Amino acid sequence: MQNETVVLTGDAPVPPAEPQRTLAPPEGVDPLVKRLFVGIALSALGSGLTMPFLYVYLAEVRGIPTATVGLVFAFMGLLGFIGSPLGGTLIDRVGPRPVMLVGLTTEAVGVASLALVQTTAHALAVAAFITLGTVGLYPAATAMLTRLVPESRRQKVYGYQFMLLNAGLGVGGVVSAVLVRTSDPASFERLYLIDAASYVAYFLVVLSLPRGTGGLGSRGAAPAEDGVPGTPPPGWSTVLKDRTLLRVVSISILAVTFGYAQFEAGFAAYAVHVAGIPAHYLGWAFGANTAAIVLGQLVTLRLIKGRRRTRMLAVCAGIWSLSWAVIAASDAVDGWTAVALVVAGLGIFGLGETLWAPLAPAIVNDLAVEELRGRYNALQGMTWTVAMIVGPALAGLLIGNDLAHVWVACTVGGTAVAAVLLVRLGRHLTPAQDGLAADGADVAA
């Protein structure tokens, strides 16, 4: 979408009768961003119904072995890693909107198909379909948001996006905890169909956005500069030569592998099979996680203003290390005390997420070359795909082979090491990239 604005300068007053036709966009969030937030919240509500229980559904309801379920998650990560470069390239060439429409269509069909899964082969087929069809979905949404807001407000918009996302996830998680029973497969099947419908709703929201929304002509995006005649346009080779970006991505992989990548497979497997927590209580743990995010995000957005992003991310990794230690302690106690530790641990984890969500994409997008923004976000997105290869597979193999204590050492220790490396990352960023020069203007909801 091409948005043209006229910025008024000087001190001459505007005559009262003159209509405000060419003034810069009003303060606050772009109306298109608000519309996009609606779609994000609706899809998150549907995802919240199913996300806490995907491991339980495959292992407990469909009877797929624990170690195999971990490999299914890893398989999805591997396919995502292979497909991510294509997703980033498509975002830069055709824009984020078409990529999102394809991704959301795939997500809706794929999630509905999960309700029909009966065997490992079927689970792998559905996982492949979903992963390959959605490789560009999250980077496209990030690129779209980035180009619709001024640079000074990106950090807060990322935070608001994450808060809305988790509000939906939390409400859905609490509702599903009441509705599902491992003895009733139909209770899970209904949830997957509802989740699919939520992606249809998100699809309709994105479809309603004007063509070209989030492209290089969108407000907040600098126009692409003409290249030197006779030279090829910038591509993946340019991205891979950015050593600072590669440092950010490699450290992020470590943090996410032993942090967020354990969120579904590792956490659920440990809580159910090691600590002996009834499966339906997992929804309450995810609810506590969401409550911490929703209640803490606004506070966090004020806390990080004017502070070094790398140090705040190090605090995030340290909080994750603490959360895994609390969850690990649930194996040493019984009954409601174990449940309380699991719920509290995932709540603590959520406090760290309120730091990661606005800061990690802000660093990457401040490093990005505008015409390569899709590729930059895709490479950062590969942080999650690589982590989802290693993390779930590691959790499945360790916990599935009675090596839960090794899993605990990996999660607690891995996130602690990431915290140290994030502190050291600051020396490779400019003050602006590290958040010291960010305006941090408030975003009106």
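What you are looking at is a predicted structure, and each value in this text was computed from that prediction instead of being measured.

Draft legend 1. Spotlight on helix 3 (residues 66–94). Here helix 3 contains 29 residues, and its C-alpha end-to-end distance of 41 Å stays within 8% of the 42 Å for a straight helix at 1.5 Å per residue. The axis of helix 3 is deflected most strongly, by about 40°, at Gly83, and proline Pro85 appears within four residues downstream. Downstream of helix 3 by one or two residues, Gly95 has phi in the positive range, about 95°.

Draft legend 2. How the structure looks around a nonpolar patch on the surface. A cluster of nonpolar side chains, Leu45, Val171, Val175, Val178, Leu179 and Trp284, forms an exposed patch at the surface whose accessible area comes to about 540 Å². Among the elements that take part in the nonpolar patch, helix 7 (residues 154–179) stands out by supplying four residues, more than any other. Relative to the helices and strands, Val171 is located in helix 7.

Draft legend 3. Inspection of the pattern of salt bridges at higher detail. Applying the stated criterion to the full structure yields five salt bridges. Ionic pairing is found between Glu189 and Arg62, a salt bridge with its closest N-O pair at 2.8 Å. A residue pair is termed long-range when its members are at least 10 positions apart, and Glu189 in helix 8 (residues 185–208) and Arg62 in the loop between helix 2 (54–61) and helix 3 qualify at 127 residues. The class for Glu189 is partly exposed, based on a relative accessible area of 26%. Among the residues examined, Arg62 registers a relative accessible area of 13% and is labelled buried. As a salt-bridge pair, Arg375 and Asp92 come within 2.9 Å of each other at their nearest N and O atoms. Taken as a pair, Arg375 in helix 15 (residues 373–400) and Asp92 in helix 3 lie far apart in primary sequence, 283 residues in all. Accessibility expressed as a relative area gives 7% for Arg375, which makes it buried.

Draft legend 4. Quick look at the packing of aromatic side chains. Within this structure, the stated rule accounts for nine aromatic pairs. The interplanar angle of 25° and the centroid separation of 5.2 Å between the aromatic rings of Tyr270 and Trp407 together place this pair among those described as stacked. With a gap of 137 residues between them, Tyr270 in helix 11 (residues 265–274) and Trp407 in helix 16 (residues 404–425) connect regions that are remote in the sequence. The class of Tyr270 is buried, set by a relative accessible area of 2%. A relative accessible area of 1% places Trp407 in the buried class. Among the aromatic residues, ring-to-ring pairing joins Tyr260, Tyr270, Trp320, Trp324, Phe349, Trp356 and Trp407 into one connected group.

Draft legend 5. Fine view of the environment of Met100. Considering the arrangement of structural elements, one finds Met100 in helix 4 (residues 96–114). Placed 37 residues apart in sequence, Met100 and Leu137 show a C-alpha to C-alpha distance of 5.1 Å.

Draft legend 6. Structural view of the confidence of the model for the chain. Counting all residues, the mean pLDDT for the chain is 81, and 87% of those residues have values of 70 or more. Confidence over residues 1–27 falls short of pLDDT 50; this stretch has 21 contacts with residues more than four positions distant or in other chains. Taken together, the stretch residues 223–230 has pLDDT below 50 and engages in two contacts with residues farther than four places along the chain or on a different chain.

Draft legend 7. Here's a closer look at the packing of helix 4 against helix 6 (residues 137–148). For the pair helix 4 and helix 6, interaxial distance at closest approach is 9 Å and the crossing angle is 145°. The element helix 4 and its partner helix 6 pack so that their crossing is left-handed. Counted together, Pro96, Arg97, Val99, Met100, Gly103, Leu104 and Glu107 of helix 4 and Leu137, Ala140, Ala141, Met144 and Arg147 of helix 6 form the full contact between these two elements. Across the contact of helix 4 with helix 6, the residue classes tally to eight nonpolar, one polar and three charged.

Draft legend 8. Representation of the packing of helix 3 against helix 5 (residues 120–133) in the model. Running from N to C, helix 3 and helix 5 point in directions that differ by 25°, and their axes come no closer than 9 Å. Judged by the inter-axis angle, helix 3 sits roughly parallel to helix 5. Between helix 3 and helix 5 the crossing geometry is right-handed. Counting all contacts with helix 3, which are made through Thr68, Val72, Phe75, Met76, Leu79 and Gly80, the residues of helix 5 involved are Thr120, Leu124, Ala127, Ala128, Thr131 and Leu132. Split into classes, the residues belonging to the contact of helix 3 with helix 5 amount to eight nonpolar, four polar and no charged.

Draft legend 9. A look at the nonpolar core. Of all hydrophobic cores here, the largest spans 119 residues; its most connected members are Leu36, Met100, Phe267 and Trp356. Top contributing element to this core by residue count: helix 14 (residues 335–367), with twelve residues. The two domains that each donate at least three residues to this core are domain 1 (29–213) and domain 2 (237–437). Apart from the residues within four sequence positions on either side, Met100 is in contact with Leu36, Leu137, Ala140, Ala141, Met144, Tyr202 and Val206.

Draft legend 10. Region of interest: the environment of Pro139. Tracing the backbone through its elements, the reader meets Pro139 in helix 6. Residue Pro139 is classed as buried on the basis of its relative accessible area, which comes to 6%. Sequence spacing of Pro139 and Arg373 is 234 residues, and the spatial spacing of their C-alpha atoms is 9.0 Å. If near-sequence neighbours (up to four positions away) are discounted, Pro139 is found in contact with Ile91, Asn377 and Ala378.

Draft legend 11. Broad picture of helix 11. Counting buried positions over the ten residues of helix 11 gives eight, a clear majority of the element. For helix 11, the complete set of buried residues consists of Ala265, Gly266, Phe267, Ala268, Ala269, Tyr270, Ala271 and Val272. Once helix 11 ends, the next one or two residues include Gly276, with phi positive near 75°.

Conventions we followed
- Residues numbered from 1 in each chain as written.
- Predicted model: local features only at pLDDT ≥ 70, side-chain atom pairs only at ≥ 80, totals over all residues.
- Heavy atoms only, no water.
- Helix = DSSP H or I, 4+ residues; strand = E, 2+ residues; numbered from the N terminus.
- Expected span 1.5 Å × (residues − 1).
- Bend = angle between axes of the 7 residues up to and from the residue.
- Patch = residues over 30% accessible without salt bridge, like charges linked within 9 Å, V, L, I, M, F, W, Y side chains within 5 Å.
- Areas by Shrake-Rupley, 256 points an atom, 1.4 Å probe, with all protein chains shown as cover.
- Salt bridge = Lys/Arg side-chain N within 4 Å of Asp/Glu carboxyl O.
- Buried < 20%, exposed > 50% of the residue type's maximum accessible area, 1.4 Å probe, protein only.
- Phe/Tyr/Trp six-rings, centres within 6.5 Å; stacked < 30°, edge-to-face > 60°.
- pLDDT = per-residue confidence, 0-100.
- Contact = heavy atoms within 4.5 Å.
- Axes fitted to C-alpha atoms, helices over the stretch in contact; angles between N-to-C directions.
- Left-handed = near helix turned anticlockwise from the far one by under 90°.
- Nonpolar A, V, L, I, M, F, W, Y, C, P; charged D, E, K, R; others polar.
- Parallel < 35°, antiparallel > 145°, perpendicular 65-115°, else oblique.
- Core = buried A, V, L, I, M, F, W, Y, C linked by side-chain atoms within 4.5 Å.
- Domains from an automatic or database assignment.

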